[in-house]
Amino acid sequence: MSKKCHLIVVGFDEIVLNKYLGLVDEAIKEEVLDGFSIVDLAKERDEIEKRLARALIQPEKTYYLQTPDLLHEAEQLAEFDVIAREIQSRHGAVKVYIATEVSYHERYLKYCVEHGISCLIEKPVFLPQKDGKYCPEVMTEQMNYYVEQAEKNHCNVSVMTLGRCHEIYADVVYNMIKEKMLKYQAPLTSFHIKHAGGVWNLHREYLTREDHPYRYGYGMLMHGGYHYVDLLARFLLLNKMIFPEKQFEIAFTSYAAYPTDQNDRIPKPISERFDDNCPDWWQNEGKGIAWGETDITSTFCLRDKETKRVITLGTIAMEQTTPSVRTWKEFPDKLYNKNGRVSNLDMEIQLSTLFAASVKCYKIPRDDGKFVEHVPVKPHIITRANPKLLPDEEYEMKKVYPEVYNSTSNKRIMTRWLRDEETVSTLREHLPVMKLMQTIAFSLEKQGESVVADF
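Below or above, wherever it landed, is the structure these notes cover. Keep in mind the model is a prediction, meaning the values are calculated, not measured. (Residues numbered from 1 in each chain as written. Predicted model: local features only at pLDDT ≥ 70, side-chain atom pairs only at ≥ 80, totals over all residues. Heavy atoms only, no water.)

**Things to note about the packing of aromatic side chains**
The relative placement of two aromatic rings is captured by the distance of their centres and the angle of their planes.
Stage number 1. Applying the stated criterion across every chain, the model contains 14 aromatic pairs.
Stage number 2. Look at tyrosine 206 and tryptophan 281: their rings are 6.4 Å apart centre to centre, the planes differ by 50°, and that puts the pair in the tilted class. Note that tyrosine 206 is positioned in helix 7 (residues 203-208) and tryptophan 281 in the loop between helix 10 (268-273) and strand 11 (295-304), a separation of 75 residues in sequence.
Stage number 3. Residue classification places tyrosine 206 among the buried residues on the basis of a relative accessible area of 4%.
Stage number 4. Under the relative-accessibility criterion, tryptophan 281 is labelled buried at 3%. (Phe/Tyr/Trp six-rings, centres within 6.5 Å; stacked < 30°, edge-to-face > 60°. Helix = DSSP H or I, 4+ residues; strand = E, 2+ residues; numbered from the N terminus. Buried < 20%, exposed > 50% of the residue type's maximum accessible area, 1.4 Å probe, protein only.)

**Describing the sheet that holds strand 4 (residues 94-98)**
Stage number 1. The 6 strands are arranged 3-2-1-4-5-8 in an open sheet whose pairing can be described as parallel. Since the sheet does not close on itself, it has two edges, and those belong to strand 3 (62-65) and strand 8 (157-160), each with one partner. Geometrically, the sheet is characterised by an average inter-axis angle of 20° between neighbouring strands, direction not taken into account.
Stage number 2. Judged from the 4 bridges that link them, strand 4 and strand 5 (residues 118-122) form a sheet pairing that is parallel. Following the sheet pairing, lysine 95 is matched in strand 5 by serine 118.
Stage number 3. Across the sheet, helix 3 (residues 73-91) lies against strand 1 (5-10), strand 2 (33-41), strand 3 and strand 4, angled at about 160° from strand 3, the strand it touches most. (Pairing = 2+ DSSP bridges. Axes fitted to C-alpha atoms, helices over the stretch in contact; angles between N-to-C directions. Contact = heavy atoms within 4.5 Å.)

**Focus on helix 2 (residues 45-53)**
Stage number 1. Among the residues of helix 2, Ile48, Arg51 and Leu52 are the ones counted as buried. Mapping the buried residues of helix 2 onto a view down its axis gives an arc of 100°, with all of them on the same face. Turned more than 90 degrees away from the buried face of helix 2 sit Asp46, Lys50 and Ala53, all of them exposed.
Stage number 2. Elements that come into contact with the buried residues of helix 2 comprise helix 1 (14-29), strand 2 and strand 3. (Arc of directions from axis to C-beta.)

Everything listed here is a matter of coordinates, which is why it stays silent on function.
This is the structure we're talking about:
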């Protein structure tokens with residue numbers, strides 16, 4: 001159990017308000033925390049105060065940083081340093097929950113690990129940048145530094161991501177595949193994961209959004225895509241149990257679609273209903289911008305680095321231009337799911353010639369006249385096996401699991417991190433994930449060409 005400390009929440013958005021403030025309240029009641037404070041940008045003051053008017057509990061104090069510009073990192077951190085020291089002078093130990101837009105993650109992560117402050121950071125861990133521009137070339141190098149600093153300065157750093165504590169992806173599928181691999185000494189030979197995000201932005205919104213933006217050169221991979229690369233990394237690493245002495249390498253070939261492609265991908269009768277049929281947008285308003293991707297599909301190969309013998313073949317697709325529930329032309333107020341996203345995830349996992357699992361987790365909103373953001377996931381799993389060789393198995397098993405909420409996984413991580421009990425989503429555990437993220441990013445720069453990296 002952690003000693004009593006004060007929580008600093010950096011970035012107070014609708015997710016923190018609606019999903020995590022109750023966990024903070026529980027930790028205060030259990031005397032894990034003695035309270036919390038908020039740090040956000042001065043330009044967000046009005047929105048923060050509106051959210052606080054709806055909040056379950058109130059912070060001890062809300063601090064507003066006067067330096068809003070992303071490029072002025074030193075000035076912003078100088079302000080944050082004054083605030084952190086002031087809070088520490090009153091409370092002693094502090095923890096930091098980093099819930100900002102991903103562009104700002106790295107500066108606060110760097111501050112925390114260098115000052116020995118435990119932190120929980122939203123996915124992706126950080127957006128690699130150089131001279132203010134997206135730069136995947138520095139991703140692994142910087143991640144190594146932060147892991148080393150966190151361990152050197154004895155601070156507990158965890159990453160908030162979907163799959164690590166998920167009731168289906170982790171508790172059922174990951175544990176089942178791990179158990180079968182050990183039992184049958186079977187490698188994971190095929191892994192396919194496909195996520196349909198149902199995210200629908202209009203052309204004008206690509207030019208104006210500051211949360212989940214695309215115009216700064218990064219897109220799906222550095223947004224929700226992190227969850228599914230994380231799942232991929234975790235499952236591929238299970239092969240280390242079968243081949244503990246092997247050094248692996250992984251090769252990716254990728255393709256992507258971008259905002260400049262969108263007009264050809266949305267049916268004209270529908271885009272016209274949204275005043276969004278913009279056939280020349282790609283060479284007018286959208287011209288000259290290094291857009292981030294909206295949709296990605298990649299093929300990969302995991303192999304023995306020395307012999308080049310293939311162990312796992314697979315694909316990962318992270319697509320947003322998929323069925324959505326959006327019906328509105330303008331973004332509604334107070335709605336986090338502004339794009340009408342509704343997700344579907346499919347995984348196909350095969351263990352050589354012996355066993356396979358097909359997983360489907362999808363969301364269907366209730367059609368009762370109200371738009372509900374908190375929609376449960378419906379999980380289905382089918383397994384196939386060779387029972388003549390494996391007497392404990394059956395040719396086929398189908399199971400429909402009770403509905404779950406994706407947010408439960410994140411809440412588990414936060415609950416454990418607040419109490420210094422979190423062990424499955426530590427910063428070091430995410431080092432291989434960031435290696436895969438970097439490799440996919442490189443493959444997007446060379447679409448159609450193979451990119452190889454150690455794994």
